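Chain by chain, the residues run as shown.
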There are 4 protein chains.
Amino acid sequence: MYKYHKKKKVCSVHNSFGNFFRITSFGESHGKMVGVVIDGCPPGLHIANEEIQHEVDRRRPGNSELVSDRRESDHIEILSGIENKYSTGAPITIIIKNENFDPIIYEKVKITPRPSHADYPALMRYGKYVDLKGGGRFSGRITASFVAAGAIAKKILTLLGISLAAYIRSIGPWEDNHEYTVAEIRKNGDALRLMNPEFTDRVKTTILKAKSEKDSVGGQVTCIVEGIPSGKGDMVFGSIESRISAAMFAIPSIRGIEFGLGFASTKLNGSQNNDPYMISEGKIQTKTNNAGGILGGLSTGMPIWFTCAIKPTPTIGKPQETVNLRSMKQTNLRFEGSHDPCIVPRIIPVIESLTSVVIVDILMGNGDIPQIFNKK
Amino acid sequence: MYKYHKKKKVCSVHNSFGNFFRITSFGESHGKMVGVVIDGCPPGLHIANEEIQHEVDRRRPGNSELVSDRRESDHIEILSGIENKYSTGAPITIIIKNENFDPIIYEKVKITPRPSHADYPALMRYGKYVDLKGGGRFSGRITASFVAAGAIAKKILTLLGISLAAYIRSIGPWEDNHEYTVAEIRKNGDALRLMNPEFTDRVKTTILKAKSEKDSVGGQVTCIVEGIPSGKGDMVFGSIESRISAAMFAIPSIRGIEFGLGFASTKLNGSQNNDPYMISEGKIQTKTNNAGGILGGLSTGMPIWFTCAIKPTPTIGKPQETVNLRSMKQTNLRFEGSHDPCIVPRIIPVIESLTSVVIVDILMGNGDIPQIFNKK
Amino acid sequence: MYKYHKKKKVCSVHNSFGNFFRITSFGESHGKMVGVVIDGCPPGLHIANEEIQHEVDRRRPGNSELVSDRRESDHIEILSGIENKYSTGAPITIIIKNENFDPIIYEKVKITPRPSHADYPALMRYGKYVDLKGGGRFSGRITASFVAAGAIAKKILTLLGISLAAYIRSIGPWEDNHEYTVAEIRKNGDALRLMNPEFTDRVKTTILKAKSEKDSVGGQVTCIVEGIPSGKGDMVFGSIESRISAAMFAIPSIRGIEFGLGFASTKLNGSQNNDPYMISEGKIQTKTNNAGGILGGLSTGMPIWFTCAIKPTPTIGKPQETVNLRSMKQTNLRFEGSHDPCIVPRIIPVIESLTSVVIVDILMGNGDIPQIFNKK
Amino acid sequence: MYKYHKKKKVCSVHNSFGNFFRITSFGESHGKMVGVVIDGCPPGLHIANEEIQHEVDRRRPGNSELVSDRRESDHIEILSGIENKYSTGAPITIIIKNENFDPIIYEKVKITPRPSHADYPALMRYGKYVDLKGGGRFSGRITASFVAAGAIAKKILTLLGISLAAYIRSIGPWEDNHEYTVAEIRKNGDALRLMNPEFTDRVKTTILKAKSEKDSVGGQVTCIVEGIPSGKGDMVFGSIESRISAAMFAIPSIRGIEFGLGFASTKLNGSQNNDPYMISEGKIQTKTNNAGGILGGLSTGMPIWFTCAIKPTPTIGKPQETVNLRSMKQTNLRFEGSHDPCIVPRIIPVIESLTSVVIVDILMGNGDIPQIFNKK
């Protein structure tokens, strides 16, 4: 019998996101599966399994020398909410079973936590019963569930004429500062969403070098959303930036976010940074888009763009200093499991997916999503 | 393709923040007042009016040549929830009446919206009835309500042994990259939280130059939180970063946020960026704190630190290009009202305040705030 | 300094209601005022102070020999969100100052709690700092804030062609089981919404008898909502019943609720209770409306009706047995303050108000409220 | 007057319940499965599959002549959040696959909706894509997911020394007005929680008679919760009644709820209904418990008890009048599928389960659930 008083308590209801189009993520990196429940999808949305599978495949490991060689077929399975390829209005549940895992190598992370991983704080937060195999709930693997949900959101956006794409802005020291449109990215981007051949070479060289040195490398991803009219979003705590950033920081390894010029704007004067209004093709636009398409938390009608900072993968093969939590002595750690020398390429579809979820959530709250999707 | 427009509905329930310690902001820049309701403050917290007033005074305009000369006494008034200087457990309501305003100069923003202000998207979002005098709900003035709420949160944190301070990391091109502790900032910082005399001179010169040129300048603010034990925060969407960033982007002019090294970490290898564990004074710490005190969304026990990018104030005296929404023709605009040449100094207490609100909300959800504050 | 660990905690964020049209109540019975923040009201709603005042006056004490003689002018004051009689889309804050109170007589409730009042459990929940003067947050007085919010909601419903009215179904043993329409109630009801002269006499006699005996009496109130089309509401936990009942039980003294036939339906066979469908005037209706206009949590298109059970006011002048919490001995209590011999008449506008808030919240979530109210 | 129709948007995020211990239900009556995600369960809770299975079996059909003969093994499967019989702190997902169904007989409900079922309003709300086979999301079958979640909640309550039990108070006209304790119910109750032999006979006779007449019968269920100390729950909208009632009305067929004496208290004077305080065994108790253990929305320390009204099952074999939605003509309907002549016995574990979920949610918010369950 537990004593009633003098207890600490936990409130860990933090696996859901969204007010109107809400996703609830579940599953663990090396448990049976990862999955998601999507509540709030209007009925009548036509969505084929292949469309979801296509998005999930984009973040699948093992499909390139640049990423982890963990083998996962990542086959999606729909448990509820879709019947004959149409959403019914009931919650949509999608799972992706885990196949390839070796729990033994993860046994020791509860004793000698990996530097810059969630191991140590997770142990302090959730105690000895926490599942940290492969990072458990803190693993990048749970983002597969975000991508499955994002596929539904993306389909809705397509029907509204909204498109989005993310691409690699930098890897390590190398940057591609060209501004691309969604169309350009879709047309010219390769599997890693790289468009500039010179930059592509540098990216690949940098990642493979890190891999050969049993090290890792970080980078930045820019996401562009086109087709959102002006005046979408909400005031104060409902700002587009608040909602996108809250979602992005659920992705492991993201350490910063900036909208439009972001940090660069802090170096400018107002007269340089302000975006003058103009009329173009009878519509109100801005001459520049330093604001990233957002003012006062609301859309201006210009493309929304923002950039995420992704740290180098903490999992590296090099020996690292850590602490043995039992002996409370310093020790060394060398990690042998499968891992990505650079997580940036695989994060691209995750950023696109969660952004899609956020945009659908915002537009639903703004009354812009049909109650029922009917064929026309 | 579905037609995008002609769907109508508004869901603007976005003036509240927090799950366990929830603030609800109300009021307008040039209405009667700004105010806040704080729901979830435990009873028995001793808080004197002066403590709240002190924080609110820190962001008050008109107290330096570096900031707006708008005259506001910013006198706080407690409407409910506190009796004889003790919280009762009922919602705490605090208001700050507006005194100095001239609605006439704001009439025209609905016709010729100011570049890089919320005027145009707010008009598109909320229609002709929206109150845009001085920015209405989109004005920096509403942050006074955040500061009033933050004073309560800060008092709670003090009782828990948690302290925090924000300071100016950069103004325009000038940076102060020294890492300060909360104690240093409190001891050595001047009214603007500037500590390095050389940097201070540059800051003042830069702001006054912008002012004399009827222009404005941006900058960066770093916030440090000390005293949070390891293992606080929540998984996935409950990450500390998700919650702090969601709050920060409710502050007008904030365009980016990074935790720890943030964007700089993207240039490093994992072996450089990872923070090795060590034992110091019998406690587990990290040798470096590139992570900003957060791993997997949870606190590591090291100080939490993050940096916000603040754009140059969009309100400038220089003539700017805009559009007349009635005639749909290009036109020029020259703004004459009171404004800040640099909002960075006044944002410091706002960042501290909302951070305090977020930390209290997190710790409440983690069961770390007493049910009742009793004297000992 | 509080010790960090081994603390209990409180999560009292329970003064708000609604997902899309959210009210946040604040204030105490014998503090400075009671008030409410309404978040989510679309801009452009025309609402005069008098319309709000009219509703608030309906529950004002001191206006009849049947109710409490507490003197309150209950003058409403709008602090934010309404400009020139039009909502702006910003949060609407309304306060009602308290005028008549005598804190001294309430001193003793923390020592000798009144039977069937919240005194004792509130003291156990919130500790010695809790404000229990006149019941504090547990007083019927806070429902004045519900009525102020309800006036806004009611105005919205009127624009949508939805009307509602509550009336007394029973007082003590006397029942008026006639089914009235909203039009009949509005046309024929007196100040207490009584329509049947015989029943009216019994009600008045019963209440005055209780008053003369320093006792109190309970009753039932039925509320009818007309004009909601079929197919409104939401599945599972979003049922109309879930949301109305959750709101109703925030009203002190309500002890039960039933929709349509409610408890009486438990005595019937399915073939008696089921409402057969028919076509009337080209529309699908049901021959009977035992369901109270709700099936599966969704509206059927028939009038929604439900009945609330209101216990006799616990405040009575008769001596009662209680316990002295200091001496832990039995003692007697005789209460002398102003009180209502029957709260039922004054609860009518409160039930109407919160029902209006709930219906607006439901319809907003269903996309049925215009984004902006524009004159036509 | 604003035109009512032609506004379009859906917000159907209504499949979750709870703030601190949140369940998200998914699945359909005749889809692949029903399931639930439980977010917020502390790590370290020992829970065996059999414990969950045991609760689910209690509401399983086909186990008595008194209930539906639908054949379902109702085998539970845990997808996430539990490892080696201990919760890990990650979301717990449990599914129950559907086995026995015949979609053909449900085809016609979209054309000729069944009286007093959700068919017609669900069609109006969600459109032609809605899954109404066996009621879809509106079926009693989804309550199996509530029971699975309730098994977890019940285990937590057991560790806190809190016990609860529901029993049949009435079937049709027959009542058992004896007040039972949880211990008595558990000790003496049969499979249907019937304790009084005379009442048992009447119940069985009444249900079998309804069955033989192809009709159905309703009843009432009382639920008792023992062991909750005084001062639990929250003010205003956080009242225990608000939260229990909101949960109960998610159960199909529940039409009313009353706490303690409820509707009967409306017939009493205050001096009769008030519960005098007394000291018994050194503890403060009330002589009577007409309040049902709740005052001001907070627990008094006495057992909490409430009663739910359950309408007769709308599915009956007798011919009924309905409307053909295509031809818009009146027609008759005779339903042939499996159904319960009385749903009351099978609702008992559902009421217990959702009540357990609510109580755990309340106690978590009150800081009474350990952060981690550790063996002692």
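Look up a bit, the structure's there.
Keep in mind the model is a prediction, meaning the values are calculated, not measured.

Draft legend 1. Quick peek at the pairing of strand S2 (residues 22-27) of chain B. Residue and element names in this part refer to chain B. Where burial is concerned, most of S2 is hidden: 6 out of the 6 residues are buried. Here S2 shows no split at all, with Arg-22, Thr-24 and Phe-26 on one side and Ile-23, Ser-25 and Gly-27 on the other all buried. The hairpin turn running from strand S1 (residues 16-17) into S2, its antiparallel successor, is 4 residues long, and Gly-18 in that turn takes a positive phi close to 105°. Taken together, the 6 bridges between S2 and strand S3 (residues 33-39) define a ladder with antiparallel strand orientation. In the strand pairing of S3, Arg-22 is matched with Asp-39.

Draft legend 2. Main features of the state of the cysteines. Counted by the stated rule, this structure contains 0 disulfides over all chains. Here Cys-342 of chain B stays unpaired: no disulfide links it, and the sulfur of Cys-308 of chain B, its closest cysteine neighbor, is 14 Å away. The buried category is assigned to Cys-342 of chain B, whose relative accessible area is 0%. Looking at the unpaired Cys-223 of chain D, the closest cysteine sulfur is the one in Cys-308 of chain D, lying at 7.6 Å.

Draft legend 3. Representation of the interface of chain B and chain C. Facing the 68 residues of chain B at the interface are 62 residues of chain C. Taking both partners together, chain B and chain C bury about 5,300 Å²; carbon and sulfur atoms supply 59% of that area. At the junction of chain B and chain C, the tally comes to 2 salt bridges. In this structure, the salt-bridge partner of Lys-133 of chain B is Glu-83 of chain C, at a minimum N-O distance of 2.1 Å. Counting across the chain B and chain C interface gives 10 residue pairs in polar contact (both at pLDDT 80 or more). Broken down by secondary-structure element, the contributors of at least two residues to the side of chain B that touches chain C are S2, S3, strand S4 (76-80), strand S6 (86-87), helix H2 (119-126), helix H3 (143-159) and helix H8 (344-365) of chain B. Per-element tally for the side of chain B that touches chain C: the top contributor is S2 of chain B, with 5 residues. Taken together, the residues of the side of chain B that touches chain C sort by class into 28 nonpolar, 23 polar and 17 charged.

Draft legend 4. Summary view of the packing of helix H6 (residues 240-248) of chain B against H8 of chain B. All names here are of chain B. At a minimum axis separation of 9 Å, H6 and H8 run at an interaxial angle of 140°. Note that H6 runs across H8; the crossing there is right-handed. Between H6 and H8, the contacting residues are Ile-240, Arg-243, Ile-244, Ala-247 and Met-248 on the first element and Ile-351, Leu-354, Thr-355, Val-358, Asp-361 and Ile-362 on the second. Residue composition of the contact of H6 with H8, by class: 8 nonpolar, 1 polar and 2 charged.

Draft legend 5. Seen up close, the sheet that holds strand S2 (residues 22-27) of chain D. Residues and elements named next belong to chain D. Strand order across the open sheet formed by 5 strands is S1-S2-S3-S7-S4, with antiparallel pairing between neighbours. In this open sheet, the two strands that pair with only one neighbour each are strand S1 (16-17) and strand S4 (76-80). Bridge count between strand S3 (residues 33-39) and strand S7 (residues 92-97): 6 bridges; the pairing is antiparallel. Bridge assignment links Val-34 to a residue of S7, and that residue is Ile-96. Here helix H3 (residues 143-159) sits on the sheet in contact with S2, S3 and S7, set at roughly 35° to S3.

Draft legend 6. Summary view of the interface of chain B and chain A. Counting residues at the interface gives 113 residues for chain B and 119 residues for chain A. Summing both partners gives a buried area of about 9,500 Å² for chain B against chain A, and 59% of it is carried by carbon and sulfur. Counting across the interface, chain B meets chain A through 8 salt bridges. Two residues, Lys-267 of chain A and Glu-175 of chain B, come together in a salt bridge whose shortest N-O distance is 2.6 Å. In this structure, the connection of chain B to chain A is made through 46 residue pairs in polar contact (both at pLDDT 80 or more). The greatest single-element share of the side of chain B that touches chain A, amounting to 6 residues, is contributed by H2 of chain B. Within the side of chain B that touches chain A, the residues separate by chemical class into 50 nonpolar, 41 polar and 22 charged. Where strand S11 (residues 254-259) of chain A lies against strand S11 (residues 254-259) of chain B, 3 bridges are found, and the strand directions are antiparallel.

Draft legend 7. Main features of unusual backbone geometry. Residue and element names in this part refer to chain C. We note that Asn-84 has phi near 50°; this positive angle belongs to a residue other than glycine. Structurally, Asn-84 can be placed in the loop between strand S5 (82-83) and strand S6 (86-87). Judged by relative accessible area, Asn-84 falls into the exposed class, the value being 68%. Not every positive phi belongs to a glycine, and Val-236 is a case in point at roughly 55°. Relative to the elements of secondary structure, Val-236 occurs in the loop between strand S10 (219-226) and helix H6 (240-248). In this structure Val-236 comes out as buried when scored by relative accessible area, which is 6%.

Each value, and the rule that gives it
- Residues numbered from 1 in each chain as written.
- Chains lettered and ligands numbered in written order.
- Predicted model: local features only at pLDDT ≥ 70, side-chain atom pairs only at ≥ 80, totals over all residues.
- Heavy atoms only, no water.
- Buried < 20%, exposed > 50% of the residue type's maximum accessible area, 1.4 Å probe, protein only.
- Helix = DSSP H or I, 4+ residues; strand = E, 2+ residues; numbered from the N terminus.
- Pairing = 2+ DSSP bridges.
- Disulfide = S-S within 2.5 Å.
- Contact = heavy atoms within 4.5 Å.
- Buried area = accessible area lost by both parts, 1.4 Å probe.
- Salt bridge = Lys/Arg side-chain N within 4 Å of Asp/Glu carboxyl O.
- Polar contact = N/O pair within 3.5 Å; in protein donor to acceptor, adjacent residues only side chain to side chain.
- Nonpolar A, V, L, I, M, F, W, Y, C, P; charged D, E, K, R; others polar.
- Axes fitted to C-alpha atoms, helices over the stretch in contact; angles between N-to-C directions.
- Left-handed = near helix turned anticlockwise from the far one by under 90°.

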